[in-house]
Amino acid sequence: MIRKTMLSLGRHMSSMARGTTQVRRLLHGGYVRIHPSVQEALVEGRPVVALESTIITHGMAYPLNLSMAREVEEIVRTNGAVPATVGILRGQIHVGLTDEELEFLASSKNAVKVSRRDFPFVLSQGLSGGTTVSGTMIAAHKAGIPVFVSGGIGGVHRDGENTLDVSADLTELGRTPVAVVAAGAKSILDIGRTLEYLETQGVCVAAFGESREFPAFFSRQSGFQAPYHVRDEEEAAKLIDSALGLGLGSGVLIAVPCPQERAAQGQAIEEAIQQALSQARSKGITGKEVTPFLLQKLVELTDGKSLDSNLALIQNNARVGSCIAVALSKLQKARRERNLPRPGDMTAPQPVVIGGINVDFIAKAQNPDILGGGQTNAGRVRRTFGGVGRNLADCLSRLGQTPLLLSAVGKDEHLESVLHYCHHMVSQFKESLCQAPLVCMDGNVPLSTIQYVCQLAREHQLAVYYEPTDENKASKPFLSDSWKALTYISPNLQELRAINRTLGNPLPAELPSRLEDVVQAAVALACPLLAHLHCVVVTLGAHGVLLCGKSLGGSISLYPGAHEQTAAARLCAAHYPAIPIGREEIVNVSGAGDSLMAGILAGMLAKHDTDTCVRMGLLAASLSLRSYEPISPEISTSSVSQEQVQSRSWPEVKVWNMD
C-alpha cells in the first residue's frame, strides 16, 4: 500500500526551495529584496531574465546609462519575459529594480563594482553598487532565475599567463548553474586563454546562430571557434534545459555575435583597443579598474562608434536572451503538464500536504546508563525518513488517502536537477490546491509560500491545516493577517504561547505542568485565535489532546460551516486522554504528533464524527510511539479505523466552556 502511494507521491513531488521558498529564505536574512513583479512571475512559472548593473554604474555615463537600462528592460518585456535588473542599494541585494532605483544607481557617484568577493563587505557597510556577471549570477541563481543577459563576460586578461589576472566571471560560470547570454568575451581580453579556462571550469559554451565563430564583444569574429553552436532560441533553450536538468552545478555561456550592421566597425575598434591597452599599462591601471577605463577610452578613440556598437549588442543580447527564456519556460511548462495527473488518474480531489522531508538518524543506547569519559557505548543507529510533511502524507496514505505531497529537497547530489524540474511547484499545482478537500502545511514551509496558500484559501474557501513544527517556526503565518485564512492549527503549549506572543496577546508568567493548570493555560491561549480559526488542536504529549472550537450538542465541530450560523453554538474545549503506554514500550517519539494529526485528518476526510476522528489519531500515535520508524508500518485502514475505535473502551472526554 505504502509503496504504491509513495510512487504516486513521487510523481508529484516538488520543490519550493527556490522562488516562493527560496525567496523567503533570502528575505529572512535581510540581504535580498525581490521586486513583487519578479516574485510573482517566478511563482507563476513565467519567464524572467536577470540583468546586470555594472554597465549602469561603471559602463556608461549618466544619463545615457539610465536610458539604456530602461530600453533593455523594455526589450525584455516586449519579447515576453519579465526583466530583473540586479543591483545593490544601501547594503541590500535587489533582484528587480523600480525606475527610481534604476535612476539612483545610474546617477550614483560612489557605486561599488560588486563581484562574489565584494558581497560581504558591501552589504556589511551598507554600500550601493552594480553587480558584475559573477555577482549577478549569484543573485539570479539564489532567486531561481535560470537566464541572465549581459553585454559580455570577463575573461583572462592579455598577459594573464604572467599576471594571473583572470575574471571571477569564469570561475562563477564553473560553479553557478545559470545560463549567461552575452556577446562572448570582451575583445580587450585574451580570447583563446579565456575559452581554455572555461573548458577547465566545465562550462558549456555555444555560439548562437549559424556559425561556431566565438564573438569578441564588438566584433563578430575573434579568430577562435566555440566548442558548440545553437541555431536559434529553441536549440539554446534545450541546451540550457539539459544542463540544468543534469544538475552539474556549472553554468552555460550562449555567445551571441553583435548585429551584422555593426560588424564593419569591428576592425577599427580592435585597433583602438590596442591603443587603449597601451595607455592603461603606461598609467599602471590594473584589476577591476581596467575594463571601465578601456571602455571609456574606446569611446574617445572611436568618436563614439564603440559606444554605439556597445548599445546595439546589449539590445540584441536582451532580445535573444528574452526569446531563449521564453522558449525555456515553454519547455519546462510542457514537461510539467506531461507529469500532471490525467483526469482519469484520480476519481476525487486529493488532500495536499506541503512540508518537509528529512533523513533522520536515531541512536539508542543498549544500556540505560551512558558511560562518559570518551568510552564506547554499545547501541544501535537507525536511518529513517521523517519530516512533518512527509510524515503526514505517509500516515494519510496508510489510512486510505492519496495525498499530493509538495516538498523541498536537501542540498545533495540531486539538488539542482530536482529544483530545475520542480521549480515553484506550489503555483504550478494551483488547480490541485484549489480543488483539495484539505491543504496541510508545516512550519518548515517558507513564509511566502504560506502567504500564497492562505491567499488561495481566502479566494477559494479552502480548508487549511497548519502544523507549527516547533516554537521558533510556529508564528510564521501570524506575522501578518495570513493566519486568519487558516482553518486548523495543532500547536503544543510552547508553540501556542509563541503564537500569542507574536500577536501581542497576554501570556502566562510560566507554563504549568499539572494537567488541570495545563488545560486552563491552553484554553486561555487558544481562545483569542478562535475569532478566526475554526479549531485549535492543542497537543499535550502524555496528557493527550485538547480540542478547542465551537460546540453544539456537546461535540466540538471539526467541519467548517457546520455551526457558523447557529446562535446556540458556543466555544468549548474538550480533553481526550492519551492511550496509556509503558515507558519501556516507547522507542521513537519523532512521529507521534504527526501520526495523531494524520489520524484526525483521515477521520475528517472520511466524514466521521469528532470523537471517532480524535480517537483514530490517538490510535495512530500509540502505534508510532512503539515503532522505530516515525510513522509506524503497522498503521493501516484496519488498525486505525472507525471499527477499531468502536471496539475499544475509552476514558471519558471532559468538556469546558470557553465563553
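Residues numbered from 1 in each chain as written. Predicted model: local features only at pLDDT ≥ 70, side-chain atom pairs only at ≥ 80, totals over all residues. Heavy atoms only, no water.

J.: Residues and numbers for the overall build of the protein, please.
T.: For the protein, the helix and strand inventory stands at 25 helices and 23 strands. Residues classed as buried in the protein amount to 56% of the 659 residues present. Here the analysis covers contacts within the protein between residues at least 6 apart in sequence; of these, 73% occur between residues at least 24 apart. (Helix = DSSP H or I, 4+ residues; strand = E, 2+ residues; numbered from the N terminus. Buried < 20%, exposed > 50% of the residue type's maximum accessible area, 1.4 Å probe, protein only. Contact = heavy atoms within 4.5 Å.)

J.: Go over helix α10 (residues 168-175), please, and point to the residues and values.
T.: What α10 keeps buried is the set Asp169, Leu170, Glu172, Leu173 and Gly174. At its buried positions, α10 is contacted by α8 (133-143), β8 (179-182), α11 (191-200) and β11 (252-255). In this structure Ser167 caps α10, since a side-chain oxygen of it lies 3.0 Å from the backbone nitrogen of Asp169. (Polar contact = N/O pair within 3.5 Å; in protein donor to acceptor, adjacent residues only side chain to side chain.)

J.: Any details on the state of the cysteines? Residues and values, ideally.
T.: Defined simply, a disulfide is a covalent bond joining two cysteines at their sulfur atoms. Within this structure, the stated rule accounts for zero disulfides. Summary of cysteine pairing: Cys527 is not part of a disulfide, and the nearest cysteine sulfur, belonging to Cys548, is at 8.7 Å. (Disulfide = S-S within 2.5 Å.)

J.: Can you break down helix α24 (residues 610-625) residue by residue, with the values?
T.: With 16 residues, α24 should cover 22 Å at 1.5 Å per step; its first-to-last C-alpha distance of 23 Å lies within 8% of that length. The buried fraction of α24 amounts to 14 of the 16 residues, a majority that puts the element mostly inside the structure. The backbone nitrogen of Asp611 lies 3.1 Å from a side-chain oxygen of the residue at the head of α24, namely Asp609. (Expected span 1.5 Å × (residues − 1).)

J.: Could you give an account of the environment of Glu71, naming the residues involved and the relevant values?
T.: Here Glu71 is to be found in helix α5 (residues 64-78). Of the residues examined, Glu71 reaches a relative accessible area of 39% and is grouped as partly exposed. The spatial distance from the C-alpha of Glu71 to the C-alpha of Leu311 is 9.8 Å, given a sequence separation of 240 residues.

J.: Run through the pairing of strand β16 (residues 439-442), naming residues and quoting values.
T.: Where burial is concerned, the two faces of β16 agree: the one with Val439 and Met441 and the one with Cys440 and Asp442 are both buried. Relative to β16, strand β12 (residues 352-355) runs parallel, the two being bridged by three bridges. Directly across from Val352, in β16, lies its bridge partner Val439. As judged from the four bridges shared by β16 and strand β17 (residues 464-467), these two strands associate in the parallel manner. Paired with Met441 across the two strands is Tyr466, which belongs to β17. With helix α20 (residues 447-460) bridging β16 and the parallel β17, this β-α-β connection has right-handed handedness. (Pairing = 2+ DSSP bridges. Right-handed = clockwise from strand over helix to strand, strands pointing away.)

J.: Got a sec to walk through the nonpolar core? Specific residues and values, please.
T.: Val95, Ile145, Ile153 and Ile254 are the most contacted members of the largest nonpolar core, which has 104 residues in total. The greatest single-element share of this core, amounting to 11 residues, is contributed by helix α15 (residues 305-339). Aside from chain neighbours lying at most four places away, what touches Val95 is Val32, Arg33, Ile34, His35, Val38, Ala84, Thr85, Val86, Ala139, Ala143 and Ile145. Within the second largest apolar cluster, 45 residues are counted, among which are Ile354, Phe478, Ala522 and Val523. (Core = buried A, V, L, I, M, F, W, Y, C linked by side-chain atoms within 4.5 Å.)

J.: Explain the pattern of salt bridges residue by residue, including any values.
T.: Taken as a whole and assessed by the stated rule, the structure comprises 18 salt bridges. For Arg390, the salt bridge goes to Asp394, with nearest N and O atoms at 3.0 Å. Of this pair, Arg390 and Asp394 both sit in helix α16 (residues 388-398), four residues apart, which is roughly one turn of the helix. Asp394 matches Arg390 in its accessibility class, with the two residues each being buried. (Salt bridge = Lys/Arg side-chain N within 4 Å of Asp/Glu carboxyl O.)

J.: Give me the packing of α10 against α11: which residues, what numbers.
T.: With their axes 9 Å apart at the nearest point, α10 and α11 run at an angle of 30 degrees to one another. With respect to their mutual orientation, α10 and α11 come out roughly parallel. Seen along the crossing, α10 lies across α11 with a hand that is right-handed. Packed against α10, whose contacting residues are Leu170, Thr171 and Leu173, the element α11 presents Thr194, Tyr197 and Leu198 at the interface. For the contact of α10 with α11, the class distribution of residues is four nonpolar, two polar and no charged. (Axes fitted to C-alpha atoms, helices over the stretch in contact; angles between N-to-C directions. Parallel < 35°, antiparallel > 145°, perpendicular 65-115°, else oblique. Left-handed = near helix turned anticlockwise from the far one by under 90°. Nonpolar A, V, L, I, M, F, W, Y, C, P; charged D, E, K, R; others polar.)

J.: Run through the pairing of strand β20 (residues 545-552), naming residues and quoting values.
T.: The buried fraction of β20 amounts to six of the eight residues, a majority that puts the element mostly inside the structure. Here β20 runs beside strand β22 (residues 570-576); their pairing, made up of seven bridges, is antiparallel. Across the sheet, Ser551 pairs through a bridge with Arg570, a residue of β22. Direction of pairing for β20 relative to strand β21 (residues 555-556): antiparallel, over a ladder of two bridges. Along β21, the bridge assignment pairs Ser551 with Ile556. Counting the residues between successive antiparallel strands, the hairpin from β20 to β21 contains two residues, one of them, Gly553, with a positive phi of roughly 75 degrees.

J.: Please provide a residue-by-residue account of unusual backbone geometry, values included.
T.: The linkage connecting Tyr62 with the following residue, Pro63, adopts the cis geometry, with an omega of 5 degrees. Mapped onto the elements of the fold, Pro63 is located in the loop between α4 (54-59) and α5. The phi dihedral of Thr469 is positive, around 80 degrees, even though this residue is not glycine. By secondary structure assignment, the location of Thr469 is in the loop between β17 and β18 (488-489). A relative accessible area of 22% means that Thr469 is categorised as partly exposed. In this structure, Lys607 is a non-glycine residue whose phi angle is positive, near 65 degrees.

J.: Can you break down the confidence of the model for the protein residue by residue, with the values?
T.: Overall, the prediction assigns the protein a mean pLDDT of 84, with 87% of residues at 70 or greater. Ranking the elements of the protein by mean pLDDT puts helix α1 (residues 2-12) last, at 32, and strand β2 (residues 48-51) first, at 98. Considering only residues more than four positions removed or in separate chains, one finds that residues 1-29, a stretch of pLDDT under 50, has 85 contacts. Counting contacts from residues 413-427, a segment whose pLDDT is below 50, to residues more than four positions away or on other chains yields 50 contacts. (pLDDT = per-residue confidence, 0-100.)

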